[in-house]
Amino acid sequence: MDRELNTAMVYRELGRTGLKVSAIALGCEGFSGKTAEECGRMIDFAAGNGVNFLDLYSPDPAMRSNLGAALRGKRDKFVIQGHLCTVWKDGQYERTRNILETEKSFEDLLKRLETDFIDVGMIHYVDAAQDFQEIFSGPLIEYAMKLKKSGHIHYLGVSSHNPEVARLAVESGLVDVLMFSINPAYDLQPPDEVVEKLWAEENRSREYCNFNPERENLYSLCASLGVGIDVMKVYAGGDLLSAERSLFGRAFTPVQALNYALTRPGVAAVMTGCRSVEEIKSALAWYSAAEEEKDYAGVLAGLERCSWQGKCMYCGHCAPCPRHISVAEVNKYLALALAHDEVPETVMEHYRLSASHASDCIKCGACEKRCPFGVPVREKMDRAVNVFGF
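Being a predicted model, the structure only gives us computed values, none of them experimental. (Residues numbered from 1 in each chain as written. Predicted model: local features only at pLDDT ≥ 70, side-chain atom pairs only at ≥ 80, totals over all residues. Heavy atoms only, no water.)

Draft legend 1. Main features of the pairing of strand β13 (residues 267–272). Among the 6 residues in β13, 6 count as buried, and that is most of the element. Sheet analysis places strand β12 (residues 228–232) next to β13, joined by 3 bridges and oriented parallel. Its bridge partner being in β13, I229 is matched across the sheet by V267. Where the polypeptide runs from β12 across helix α9 (residues 254–262) and back to β13, its parallel neighbour, the crossover connection is right-handed. (Buried < 20%, exposed > 50% of the residue type's maximum accessible area, 1.4 Å probe, protein only. Helix = DSSP H or I, 4+ residues; strand = E, 2+ residues; numbered from the N terminus. Pairing = 2+ DSSP bridges. Right-handed = clockwise from strand over helix to strand, strands pointing away.)

If you want it as structure tokens, here you go:
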């Protein structure tokens with residue numbers, strides 16, 4: 001019998017949907033090739049430990065049926081994110097843009113999951129601008145909106161690896177949720193319509209300086225507009241966990257990688273592709289981990305080829321502040337505000353409700369001495385006062 005863990009579950013709002021989702025969520029990769037009994041054991045363990053968010057992109061009929069059986073009697077305990085535009089052909093998954101195939105596959109999804117609705121209907125894998133334009137001006141978006149109007153999906157999402165295309169989706173006003181690949185290795189790299197370039201061997205010898213601005217601006221935009229982000233590729237296909245394969249030549253722990261993604265603006269949850277109860281336990285360790293175990297700054301600081309000099313990484317090393325300012329929080333709100341010509345009302349309200357503000361700064365400089373990335377915190381606090389007024 002798999003026992004529940006002693007975890008203090010963290011739930012976050014999935015953007016403007018109002019859905020409360022567990023910060024650690026489950027991707028479907030781990031259920032591939034599993035028996036119904038194995039799927040049931042994993043779902044029971046996850047539910048028993050407060051996990052309530054599940055992504056299912058695979059159209060594999062056996063997996064869908066096994067998960068449907070595992071979720072029987074527990075449907076109300078899970079927020080399910082199911083993908084449109086995936087089909088099962090000749091025993092394998094394919095992405096499709098054919099409307100008839102999409103309709104048939106979605107009907108199959110509902111039937112096999114034994115439900116009449118999906119919480120988040122995710123338009124699958126949109127990385128090219130032309131692909132986005134064709135989807136959002138044709139029958140696929142019409143079908144998605146029809147499903148939303150009928151209640152067969154409650155919210156609309158898009159999955160992407162390209163920040164430029166993801167931004168188009170967010171700015172359309174139609175998308176409530178973005179599934180996006182986030183980890184420190186990808187965050188350095190420029191947008192591209194060819195996703196394989198993110199893990200290309202040639203990237204290991206390049207030099208990088210700070211966040212790719214398109215990615216940083218995308219996260220801030222999502223947070224400002226209330227588009228919830230759930231994260232895929234948090235371990236960069238496992239490369240981030242290996243010093244030999246990592247872009248940085250240093251290994252992250254799973255907890256550090258999860259914490260990095262969960263501190264990005266707009267992020268509600270991380271989809272982990274756990275293949276067993278033991279792997280779910282490992283992911284859930286994030287909840288009970290000490291702050292020093294979550295700390296990813298030591299892995300990223302002082303690298304020769306990759307630098308975040310002057311960039312706030314929201315790592316918290318600046319604390320404690322004698323005036324109890326959450327420097328990382330102020331910097332995050334400042335980034336959200338600067339992503340717009342005018343400060344969004346929601347950002348201003350969140351900043352106003354903070355326990356302390358940039359105007360409380362006494363310019364002691366203690367935070368700057370502790371910052372591993374050389375952030376000019378006092379300048380940031382002055383900028384925040386100029387932007388927010390206090």
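Draft legend 2. Examining the side chain of Q256 more closely. The residue Q256 is located in helix α9 in this model. Its relative accessible area of 11% is what places Q256 among the buried residues. Reaching out from Q256, the side chain makes a polar contact with the backbone nitrogen of T253 at a distance of 2.9 Å. (Polar contact = N/O pair within 3.5 Å; in protein donor to acceptor, adjacent residues only side chain to side chain.)

Draft legend 3. Region of interest: the nonpolar core. One finds I123, F248 and W308 to be the most contacted residues of the largest nonpolar core, which totals 116 residues. Aside from chain neighbours lying at most four places away, what touches W308 is P184, L188, N210, F211, F248, L300, L303, M313 and F373. In this structure, L14, A25, M122 and M179 belong to the second largest nonpolar core, which totals 14 residues. (Core = buried A, V, L, I, M, F, W, Y, C linked by side-chain atoms within 4.5 Å. Contact = heavy atoms within 4.5 Å.)

Draft legend 4. Looking closely at the environment of A290. Note that A290 resides in the loop between α10 (277–288) and α11 (291–294). Given the relative accessible area of 28%, A290 is considered partly exposed.

Draft legend 5. Molecular detail of the pattern of salt bridges. By the definition in use, this model includes 19 salt bridges. For D108, the salt bridge identified is with R64, shortest N-O distance 2.9 Å. Of this pair, D108 sits in helix α3 (residues 99–113) while R64 sits in helix α2 (residues 61–70), placing them 44 residues apart in sequence. You can call D108 partly exposed: its relative accessible area is 23%. (Salt bridge = Lys/Arg side-chain N within 4 Å of Asp/Glu carboxyl O.)

Draft legend 6. Seen up close, unusual backbone geometry. P320 follows A319 through a cis peptide bond whose omega is 5°. Inspection of the secondary structure puts P320 in the loop between β14 (306–307) and α13 (327–338). Notably, K363 is not glycine yet its phi reads approximately 60°, a positive angle. Structurally, K363 is set in the loop between α14 (345–352) and α15 (366–370). According to the relative accessible area criterion, K363 is partly exposed, its value standing at 35%.

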